[in-house]
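Topology and contacts: notes
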Amino acid sequence: PTIGIVIPAAGRGTRAGQGCQKAYRRIGGDTVLNRVLKLFRSWNTNCPIVIVHHGDDTSLLEASIDRDSNVYTTTGGVERQASVLQGLRFLCSLPKSPSHVFIHDAARPFASHRLLNDVLESLIEQPSTGVIPAIAVSDTLKKSDSNGLIKATVPRDGLFRAQTPQAFILQTILHLHEMAATSTSSYTDDASLLEEAGLPVRIVQGDSQNIKLTYSYDFKEGERLLLANSP
Ligand code: C5P
């Protein structure tokens, strides 16, 4: 397969505090978004990468990344799925559009090459099957009401925490996102669209370091990971 990358980075990042969208915050001296760019560039030297950003963030974006000629930017939408759709449309409009796409949240700068290779390997084995990294749930799961009172213990067998990058045939995931845009359903990841359409999605082993920077304490955890992994 030929691979393109879509990086949704158009969220407002309000849960992380600090008043600045989390993709543009620095961690260990580099912006979160530039770390994601470097991750993919050092893995696949020339695949097209489309960054989807908020229209208000254009100058912040340009100041935050080291761009090369195969890095493109486009503006996103109000919801993550609208942003992904814009990125997929852009990738499809390129003169040499790739056969497959990796969709990776800007908020996950600590994905590893091992993880990207495992996703790609699984995709090569069965190119029409979507692939996502995920981690089996190890905690006991409780469901509570809005007062914090437990209603049930949820059996954790077969439950996974989904990560990105998630990989798909470009035309398939584009078509499903185009359809989703005309409905009222909302999705927090891209594999959900295949699942709903009855198409197969395979799980490969996720990476515990591939955390999503969402809250302020995730940034502290990120700093800790960088220190622990530095030579
Ligand atoms: O909000 P959440 O943490 O699920 O966002 C996951 C990713 O989707 C982030 O990288 C965020 O920037 C992106 N996003 C987007 N457009 C939105 C909302 C979120 O690109 N409207």
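Residues numbered from 1 in each chain as written. Predicted model: local features only at pLDDT ≥ 70, side-chain atom pairs only at ≥ 80, totals over all residues. Heavy atoms only, no water.

**Things to note about the site of the ligand**
Near the ligand there are 15 residues, and of these Pro8, Ala10, Gly77, Val78 and Ser83 occur at the shortest range. Here an oxygen atom of the ligand and a backbone polar atom of alanine 9 are 3.3 Å apart. One of the backbone N or O atoms of glycine 77 is found 2.9 Å from a nitrogen atom in the ligand. Sorting the residues of the shell around the ligand by element identifies β1 (3-9) and α3 (80-93) as the ones contributing at least two each. (Near = heavy atom within 4 Å. Polar contact = N/O pair within 3.5 Å; in protein donor to acceptor, adjacent residues only side chain to side chain. Helix = DSSP H or I, 4+ residues; strand = E, 2+ residues; numbered from the N terminus.)

**Side note on helix α1 (residues 32-43)**
In this model α1 runs 17 Å from its N-terminal to its C-terminal C-alpha over 12 residues, within 8% of the 16 Å that 1.5 Å per residue would give. Buried within α1 are the following residues: Val32, Leu33, Asn34, Val36, Leu37, Leu39, Phe40, Arg41 and Trp43. (Expected span 1.5 Å × (residues − 1). Buried < 20%, exposed > 50% of the residue type's maximum accessible area, 1.4 Å probe, protein only.)

**Some details on unusual backbone geometry**
Omega for the peptide link from threonine 164 to proline 165 comes to 10 degrees, which places this bond in the cis form. Positionally, proline 165 belongs in the loop between β10 (160-162) and β11 (166-169).

**Some details on α3**
Residues that lie three or four places apart on an α-helix share one face, since the helix turns once every 3.6 residues. Between the first and last C-alpha of α3 there are 20 Å, a value that for 14 residues agrees with the 20 Å anticipated at 1.5 Å per step. Every buried residue of α3 is accounted for by Gln81, Ser83, Val84, Leu85, Gly87, Leu88 and Leu91. Tucked inside the fold, the buried residues of α3 contact β1, β4 (49-53), β5 (71-75), β6 (100-103) and α5 (170-181). (Contact = heavy atoms within 4.5 Å.)

**Let's talk about the pattern of salt bridges**
For the structure on display, the rule yields 10 salt bridges. A salt bridge links glutamate 62 to arginine 67, with the shortest nitrogen-to-oxygen separation between them at 2.7 Å. Its relative accessible area of 38% is what places arginine 67 among the partly exposed residues. A salt bridge links glutamate 178 to arginine 89; its shortest N-O distance comes to 2.8 Å. A residue pair is termed long-range when its members are at least 10 positions apart, and glutamate 178 in helix α5 and arginine 89 in helix α3 qualify at 89 residues. One connected set of salt bridges, linked through shared partners, spans Arg80, Asp105 and Asp190. (Salt bridge = Lys/Arg side-chain N within 4 Å of Asp/Glu carboxyl O.)

**Details of the nonpolar core**
Counting 29 residues, the largest nonpolar core has Ile5, Ile7, Leu33, Phe40, Ile49, Ile51 and Phe102 as its most contacted members. Contributions of two or more residues to this core are made by β1, α1, β4 and α4 (113-125). A per-element tally of this core places α1 first, with six residues. Ignoring any residue separated from it by four or fewer positions in sequence, one finds isoleucine 5 in contact with Phe40, Cys47, Pro48, Ile49, Val50, Leu91 and Phe102. If you look at the next biggest cluster of nonpolar residues, it comprises 22 residues, including Leu88, Val101, Leu174 and Leu194. (Core = buried A, V, L, I, M, F, W, Y, C linked by side-chain atoms within 4.5 Å.)

**Thoughts on the packing of α3 against α5**
Packing of α3 against α5 leaves a shortest axis separation of 10 Å and a crossing angle of 135 degrees. It follows from the interaxial angle that α3 and α5 lie oblique. When you trace α3 past α5, the crossing you get is left-handed. Residue-level inspection shows Gln81, Val84, Leu85, Leu88, Arg89, Leu91 and Cys92 of α3 in contact with α5, the latter providing Leu170, Gln171, Ile173, Leu174, His177, Glu178, Ala180 and Ala181. (Axes fitted to C-alpha atoms, helices over the stretch in contact; angles between N-to-C directions. Parallel < 35°, antiparallel > 145°, perpendicular 65-115°, else oblique. Left-handed = near helix turned anticlockwise from the far one by under 90°.)

**Quick look at the side chain of asparagine 210**
Structurally, asparagine 210 is set in the loop between β12 (201-205) and α7 (216-229). For asparagine 210, the side chain forms a polar contact with the main-chain oxygen of threonine 164, separated by 2.8 Å. Leave out the neighbours within four places in its chain, and asparagine 210 touches His104, Arg108, Phe110, Ala111, Leu115, Gln163 and Thr164.

**Quick word on the environment of asparagine 229**
With respect to the secondary-structure elements, asparagine 229 resides in helix α7. A polar atom in the side chain of asparagine 229 sits 2.9 Å from the side chain of glutamine 209.

**Thoughts on the packing of aromatic side chains**
All told, the structure shown has four aromatic pairs when counted by the stated rule. Judged by centre distance (5.4 Å) and plane angle (40 degrees), the rings of tryptophan 43 and phenylalanine 102 are tilted. Linking tryptophan 43 in helix α1 with phenylalanine 102 in strand β6, this pair joins segments that are 59 residues apart in sequence. Of the two residues examined, tryptophan 43 and phenylalanine 102, each falls in the buried class. Taking the centre distance of 5.5 Å and the plane angle of 45 degrees together, the rings of tyrosine 72 and phenylalanine 90 count as tilted. Taken as a pair, tyrosine 72 in strand β5 and phenylalanine 90 in helix α3 lie far apart in primary sequence, 18 residues in all. Using a relative accessible area of 22% as the deciding quantity, one classes tyrosine 72 as partly exposed. The exposure class assigned to phenylalanine 90 is partly exposed, which follows from its relative accessible area of 23%. In this structure an aromatic cluster arises from ring pairing among Phe40, Trp43 and Phe102. Of note, arginine 25 hangs over the ring of phenylalanine 219, and the distance from its end group to the ring centre comes to 3.7 Å. (Phe/Tyr/Trp six-rings, centres within 6.5 Å; stacked < 30°, edge-to-face > 60°. Lys NZ or Arg CZ within 6 Å of the ring centre and 35° of its normal.)

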